[in-house]
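# Survey of secondary and tertiary structure
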Amino acid sequence: MMDGYTAGGGSDPASLVSQDRRRSLPAGFSRAGRLLRELYARPSSALGTTLVLVFFFMALFGPLIAPYSATEQIAGAARQAPSLQHLFGTDHLGRDVFSRVVLGARDILALAGLGTLIAVVIGTLVGMFSAYRGGWVDEISFRLFDSLLALPALLLALLLLGVVGPSRNSVLVVLVIVYVPIVARVVRSVVLSTKQKGFVEASRVQGESTSAIVRRDIFPSVTPALTVEAALRFSYAIFLVASLGFLGVGVQPPNPDWGLMVSQARPYVSLTPWALWFPAAAIALLVVGVNLAADGLKRVLLPGRQS
Amino acid sequence: MSRYVARRLGFLLLTLLITSLIVFVVTQWLPGDVARVILGREASEPALAALRAELGLDKPLPVQYLSWLGRFVTGDWGTSYSTGLPVRDLVLERAGNSLMLAGLTLLIAVPLSVFLGVVAGLKADKPLDTTISVGSLAVVGLPEFVTGLILIDLLALRLHLFPANSSIRPGTGFVEALPQLVLPALTATLVLLAYVTRLTRAGVIEELRQGYVRTATLKGLPRRTVVGRHVLRNALLPTITVLAISFGWLISGLIVIENVFNYPGLGRLMTFAIDRRDLPLMQAITLLTVLVFALANLGADLLYAALNPRIRLE
Amino acid sequence: MNKPSPPVLQVDGLTVAYRRGQQSLAAVRNVSLSIAAGQAYGLVGESGSGKSTLALAVMQYLPENGQITGGAVRLAGQDLATLPREQMQQVWRDQIKLVPQDPGASLNPSLRIGDQLDEALRDGGETGQELRSRSLEQLRQVRITDPERVAASYPHQLSGGMQQRVLIAMALARQPSLLILDEPTTNLDVTTEAAILDLVRDLVQDHRTAILYVSHNLGVVATLCDRVAVLYAGEMVEDLTTQQLRLRPLHPYTAGLLDSVPRVGQRAGVDPLLPIAGNIARLDALPAGCVFAPRCHLAQQPCLDVRPELEETSDGGLVRCHRWREIAAGEVSASAARPATIVVQNDAPGDASALAMTGLVKRFPVRRSLAEMLRRTSARQVHAVDGVSLHVAPRRTLGLVGESGSGKTTTARCVVGLAERTGGEVTLFDIVLAPGLDARDASVLRRLQMVFQNPDEALNPYRTVGDVLQRPLQRLMGLSPAEARAEAARLLEAVRLSPAYLDRTPGQLSGGEKQRVTIARSFASNPDVLILDESVSALDVSVQASILNLLTELQAEQGSAYLFISHDLAAVSYLADDIAVMYLGQIVEVGPTELVLHPPFHPYTEALLSAVPRLDGATEESIRLPGDLPSAIDPPGGCRFHTRCPRLLGDICREQEPPWQEAAPGHRYRCHIAPDELAAVQVIAEQNGRLRREMSGAGR
């Protein structure tokens, strides 16, 4: 028997156990473990999570895995088909495609990840502040955000990049500008519905300060939706970085950007098809993986929501 | 209802005003000295001053914005820096091509995705639904250039069903261009398909849970009447809004797809303009696209309201 | 005598289970019942009793994870489970009909009422016109006076009561042999509920339909049914006639339910409720012996070990209890012992007031369209609260009663400052309160607290009970964290929860436990005045009774004054020393409880009293209100109640605001009719009602 607990009504043994554990283990640690277990309970999200983990591993240990550097043009080894020597072959300039794909993982994950992170942080702050504050501040900022959303994301990105010129930093800025309104809207809607709840009003009646209410009552309610949204944003960020690279307005050569690799290999597709299909496959697998994982997260964190 | 229409129109104008302000800030103010952008680094100071006066760049920003907007509204879209041609002719011709492609895409994608979404929703969590849902989840993630390249490799290079290159000549009509439109339209369809299917499915599942479905079933109506007369009527309403939003996706998608297939539309023109930092061209393309997108949204909102008694009878 | 007709519905040993993950939970276990033509059979139970599951199983319309795992449902001898889908559709169309709990969601929002009704009436072969005229006739039958307008409307244009009439019309369209009503009036106001119950009763008498009436409300069932089954945690614990239910139920649970519901006029200090201890049994943790044993005051060792069988009693009822013979013989009482602890300090109502509202006004602007702004039309306003003056004496309870839309919740929110009042004054003892919360300082907040309506939303799901209780102790009372924790434990004990609850999160609590925690929280600062806004309405009756008693005890211990807000006149009269009745933003009657409950009263109060479903089944010559509550945007001129008043005098009511009439010292109401005239008609009506009740042998 679990001692210390009277046999009360709605007590769920599983959650009682985890309550106990919270004291000895850092809260985030066991929570992440539980989340991971739930993600692995469904085949599709298990596949997605695995794919994401593999790419993260690649990004972390890329230089240890890749046999060549990303830019090294191996003398006399141009346009070689995949072999044990060059697992994914070499491109028209004699660069090892496998090394470039592995090393490219770090670029795209760092860029998309950082962009998402910044956008989520800013979007959350703006959304929470605006919604909690209400009134004309909220009215104006959200008219502005709605209008930003009337610009298709890629078009806005192209316009900005066209003006400031393509570079890695520009792409980062573009990601943030494009995603802040989207994140802010999601956060805002959750805050607006939480604000009406009895427990927030109870805190107000008991004289809690606004900052304490936002921190203690509102933020925890926002986290599940925010986590799911961050995962979705991350997947679109990868998508966008790759597309910009393909269009030649994103990360510039000779960086091993997957989108860029695809577009550079295109003229030689009949000679070195591997130089095109391996990076293309890498993009596809990563995005599909993130999507499946995000879908799994949504099922776990926001059960009952279908779309 | 008239109140609703008035409010929507108000929003539309406000949106256009704000987006045009954003475009103005990004293209006129952000790059710094436009005169230097046009004339280049070595230009002399008097020449720069003359051009600034000519373009009105010496005036205060609000005045510049208003006159810039005024010129746009009256149809004077300026001259392209890189080609020296009037921007309006260039953009409108390419816009026609893009619309042709978008139209064909919608023609294929909308009925197909709504159908798949309804089927998946009605068979929720059965094998058929899992296939459709996971399939669309996988496809939704593939960037357009990857699907485009796969389709080219399969249908053009291996099976020789359609041409791989879609660079039609100016003035080509829809029917004449059709063979070259098929592959890019199919690529764009895949993008929309996944998105619209998922949302339609969600709508159907949501409606199936409602109490009125039980009422209808317990009237002894056959399943197909319950679905056809009761569920779909309500489930497809939000799909109208979904389609409007997905139109924004389509625009983004077409920019990439036109570049993959070398199709002379607005997207291709946009990357061309960026390559040459052709600001008037970029402005015009962006504003026109925003206008079309906003109008599509307005149309969807009005259609939704007209079909939804809860709004119509307000 | 007619020879006994064969039962229309026969349920034999029915067991229904839900799959949840790997588990299979039997929500209904081995239930048997039968209903003859023209018979109305009531099915009573609290949440988790399985009553709705049983109704859906009879309809053969269980949710996807539900399944009949044993027994049979027979309609006129035919086992419904064996029918193929197509024949079941025929049964649904012609023979069994369901009137659901939520009328709003049960009508298709995008089809006109007429079209939805036509669908239920269609035989095939008739013309559209014939069909529609039959639909209109059907609407007239459910006493809809303008069927053409209703038929042309969409559901959202109708009130809840009107929607329910439409659904009843739909259900009766093809003269079904069995009508199932699943809590059909639960979400409706009392006056609407009363009208719907009248309607159902009359229609049943006309059509000789068999009725299965599912409800948590014994009073409702008693007014309508001949026979009642009581379900607890999926099992039938008693089956008896309504007469027996009134006189002498045998099962301790049935008795407990009866003792848990206050009757109008029952007072906490005089005749306390006898609540059932503990929480409702959960399906995944059923007791080994009698399902009710853990909560039963008569439970002995065999009750905990052996599950009792359903046994036939001497007067033809069924009961599932090891000790029913002792109860029937009068050796032990099915009712729990009367608690000794409730001490009510009936302080004389002095002149001092703990809380006073003077001319309180709250208006919400209705958004104007651009065109209206240009035309300079002045903004229209919702007159939610319109000149309310009330006062609550120290250590006493003022009950505020009214139907939804009366403005009582807005009044509460203006008092605590969650809504900023538009006009008038609110004082706490001698301090004039600022309209908004932000402008009130901690000393005021400490003295004025509120318990919220919905216990599920009133606690932050991410905070432990200890955390929830400690915050106000630290912030408002300035205790150190250690002191606050000790004090929080003491607060829990005050609301009869063990200190072990400090580390639990709201997700681990039952509804009643949550409400105890929110009450503990509001007592943390030992407030002088506590606002209770529908604080027991969302709870099951057995839990509700214990919370009502808890509130009485806490008031005696702590000496707080209460403003108790509810739509439930019986609950209000149980707790309150004084009652105020609110209609459309205004107070229409106020006075000491004993006086308000007896004539003369305001015609609206009269209608409210008349609408309360009583166990004794007295219903005839009741006052019923026509029409719906008017909009608070343009409230009716003159007397606000004139559009629905059963005692309307004439133009004077439409044109002139009624004066306050003094019926007795401290008892006032707002009406054009003078107290003696009103008393003359109302006393007769009341005596008639009482006489009939006595003749019908209402013993309780």
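Parameters at a glance
- Residues numbered from 1 in each chain as written.
- Chains lettered and ligands numbered in written order.
- Predicted model: local features only at pLDDT ≥ 70, side-chain atom pairs only at ≥ 80, totals over all residues.
- Helix = DSSP H or I, 4+ residues; strand = E, 2+ residues; numbered from the N terminus.
- Buried ≥ 20, exposed ≤ 12 C-beta atoms within 10 Å, placed from the backbone.
- Contact = placed C-beta atoms within 7 Å.
- Nonpolar A, V, L, I, M, F, W, Y, C, P; charged D, E, K, R; others polar.
- Pairing = 2+ DSSP bridges.
- Axes fitted to C-alpha atoms, helices over the stretch in contact; angles between N-to-C directions.
- Expected span 1.5 Å × (residues − 1).
- Core = buried A, V, L, I, M, F, W, Y, C linked by C-beta atoms within 7 Å.
- Parallel < 35°, antiparallel > 145°, perpendicular 65-115°, else oblique.
- Left-handed = near helix turned anticlockwise from the far one by under 90°.
- pLDDT = per-residue confidence, 0-100.

Secondary structure assignment for chain A yields eleven helices and zero strands. Listed by position from the N terminus, the elements making up chain A come as α-α-α-α-α-α-α-α-α-α-α. Buried residues in chain A amount to 50% of all 307 residues. For chain A, the share of sequence-separated contacts (at least 6 apart) that also reach a separation of at least 24 residues comes to 69%.

When its secondary structure is counted, chain B shows 13 helices and zero strands. Reading the secondary structure of chain B in the N-to-C direction produces α-α-α-α-α-α-α-α-α-α-α-α-α. In chain B, which comprises 314 residues, the proportion classed as buried is 42%. Within chain B, counting contacts between residues at least 6 apart in sequence, those at least 24 apart form 71% of the total.

On the chain B side, the residues contacting the 37 residues of chain A number 42 residues. Of all the secondary-structure elements, those providing two or more residues to the side of chain A that touches chain B are helix H5 (135-149), helix H6 (153-164), helix H9 (210-247) and helix H11 (273-301) of chain A. A total of ten residues in the side of chain A that touches chain B trace back to one element, the largest contributor, which is H6 of chain A. Grouping the amino acids of the side of chain A that touches chain B by side-chain chemistry returns 26 nonpolar, eight polar and three charged.

Turning our eyes to something else, we now look at helix H10 (residues 258-265) of chain A. Extensive coverage of H10 of chain A is indicated by the burial of eight of its eight residues. Within H10 of chain A the residues assigned to the buried category are Trp-258, Gly-259, Leu-260, Met-261, Val-262, Ser-263, Gln-264 and Ala-265 of chain A. Packing partners of the buried residues in H10 of chain A comprise helix H4 (97-133), H9 and H11 of chain A together with helix H7 (144-158) of chain B.

Residues and elements named next belong to chain C. Sheet architecture is open: four strands sit in the order E2-E1-E4-E5, paired in antiparallel fashion. With partners counted over all chains shown, the strands left at the sheet margins are strand E2 (23-36) and strand E5 (78-79), one partner each. Across the sheet, helix H1 (residues 51-59) touches strand E1 (7-20), E2 and strand E4 (66-75), and the angle it forms with E1 is around 115°.

This part takes up the pairing of strand E21 (residues 578-583) of chain C. All names here are of chain C. Along E21, six of the six residues are buried, which leaves the element largely enclosed by surrounding structure. Burial along E21 is two-sided: Asp-578, Ala-580 and Met-582 and Ile-579, Val-581 and Tyr-583, pointing in opposite directions, are all buried. Summarising the sheet, E21 and strand E22 (residues 586-592) pair through six bridges and their orientation is antiparallel. When the bridges of E22 are listed, Ile-579 appears paired with Gly-591. Counting the residues that bridge the hairpin from E21 to E22 gives two residues, and of these Leu-584 lies at a positive phi of roughly 50°.

Our next topic: unusual backbone geometry. Excluding glycine, most residues fall at negative phi; most peptide bonds, likewise, are trans. With omega at 5°, the peptide bond leading from Pro-253 of chain A into Pro-254 of chain A counts as cis. With respect to the helices and strands, Pro-254 of chain A occurs in the loop between H9 and H10. Here the bond from Pro-599 of chain C into Pro-600 of chain C is cis, since omega is 0°, no more than 30 degrees from zero. Its place among the elements puts Pro-600 of chain C in the loop between helix H22 (593-596) and helix H23 (603-611). The backbone of Arg-208 of chain C sits at a positive phi, close to 55°, despite the residue not being glycine.

With that out of the way, let us pick up the sheet that holds strand E3 (residues 40-44) of chain C. Note: strands within a sheet are paired through backbone hydrogen bonds, in either parallel or antiparallel orientation. Residue and element names in this part refer to chain C. An order of E6-E7-E8-E3-E9-E10-E12-E11 is seen for the eight strands of this open sheet, with the pairing classed as mixed. With partners counted over all chains shown, the strands left at the sheet margins are strand E6 (96-99) and strand E11 (311-312), one partner each. By the bridge criterion, four bridges tie E3 to strand E9 (residues 227-232) in an arrangement that is parallel. Pairing of Val-44 across the sheet is with Val-230, part of E9.

Because each turn of an α-helix spans 3.6 residues, side chains separated by three or four positions end up pointing in the same direction. Between its first and last C-alpha, helix H19 (residues 511-523) of chain C extends 19 Å over 13 residues, near the 18 Å set by a 1.5 Å rise per residue. When you tally the buried positions in H19 of chain C, you get 13 out of 13 residues, the bulk of the element.

Residue and element names in this part refer to chain B. Here Gln-180 shows up in helix H8 (residues 174-208). A C-alpha to C-alpha distance of 48 Å links Gln-180 and Ala-49, two positions 131 residues apart in sequence. Other than its neighbours up to four places away in sequence, Gln-180 contacts Pro-163, Ser-166 and Ile-168.

Counting residues in each nonpolar core, the largest one holds 377 residues, and the members touching the most others are Ala-157 and Ile-238 of chain A together with Leu-212, Tyr-213 and Leu-563 of chain C. Per-element tally for this core: the top contributor is H9 of chain A, with 18 residues. When sequence neighbours within four positions are dropped, the list of residues in contact with Ala-157 of chain A reads Val-174, Val-178, Leu-240 and Leu-244 of chain A.

Across the contact, 30 residues belong to chain C and 21 residues belong to chain A. At three residues, helix H17 (residues 465-475) of chain C tops the list of elements feeding residues into the side of chain C that touches chain A. Residues that form the side of chain C that touches chain A fall into these classes: 14 nonpolar, nine polar and seven charged.

Turning next to the packing of helix H5 (residues 87-122) of chain B against H8 of chain B. Residues and elements named next belong to chain B. Closest axis-to-axis distance for the H5/H8 pair is 5 Å, and the angle between their directions is 30°. Classified by the interaxial angle, the pair formed by H5 and H8 is roughly parallel. Once H5 is placed against H8, the crossing between them reads as right-handed. Grouping the constituent residues of the contact of H5 with H8 by class yields 22 nonpolar, seven polar and one charged.

The next point concerns the pairing of strand E10 (residues 235-241) of chain C. All names here are of chain C. Among the seven residues in E10, six count as buried, and that is most of the element. Direction of pairing for E9 relative to E10: antiparallel, over a ladder of six bridges. Looking at E10, one finds that Val-228 is bridged to Leu-240. When E10 meets strand E12 (residues 318-319), the two strands line up antiparallel, connected through two bridges. Looking at E12, one finds that Asp-239 is bridged to Leu-318.

Residues and elements named next belong to chain C. Tracing the chain through its elements places Arg-380 in the loop between helix H13 (370-374) and strand E14 (381-392). With 15 C-beta atoms packed within 10 Å, Arg-380 lands in the partly exposed category. For the pair formed by Arg-380 and Asp-634, sequence separation is 254 residues and the distance between their alpha carbons is 8.4 Å. Residue contacts for Arg-380: discarding those within four places in its chain leaves Val-366 and Ile-633.

To continue, consider the environment of Ala-26 of chain C. Residue and element names in this part refer to chain C. With respect to the helices and strands, the residue Ala-26 is situated in strand E2. Judged by local crowding, Ala-26 falls into the partly exposed class, with 18 C-beta atoms found within 10 Å. In this structure, the C-alpha to C-alpha distance between Ala-26 and Arg-440, residues 414 residues apart in sequence, is 53 Å. When sequence neighbours within four positions are dropped, the list of residues in contact with Ala-26 reads Thr-15, Ala-17 and Gly-234.

The subject of this paragraph is the confidence of the model for chain B. Residues and elements named next belong to chain B. Looking at chain B as a whole, its pLDDT mean stands at 87, while 99% of the residues score no less than 70. Helix H9 (residues 211-218) holds the highest mean pLDDT among the elements of chain B, 93, whereas helix H2 (residues 34-39) holds the lowest, 73. Our summary of model confidence lists the complex with pTM equal to 0.85 and ipTM equal to 0.86.

Summary statistics for chain A give a mean pLDDT of 82 and a share of 89% for residues scoring 70 or more. The model gives residues 1-25 of chain A a pLDDT under 50, and that stretch makes 24 contacts with residues more than four places away or in other chains.

Turning our attention to the packing of H8 of chain B against helix H10 (residues 223-261) of chain B. Between two packed helices, both the angle of their axes relative to each other and the distance between the axes serve to describe the pair. Residues and elements named next belong to chain B. Two numbers describe how H8 lies on H10: the axes approach to 8 Å, and their chain directions differ by 155°. On the basis of the axis angle, H8 is roughly antiparallel to H10. In the packing of H8 onto H10, the handedness of the crossing is right-handed. In terms of residue class, the contact of H8 with H10 is made up of 20 nonpolar, seven polar and one charged.

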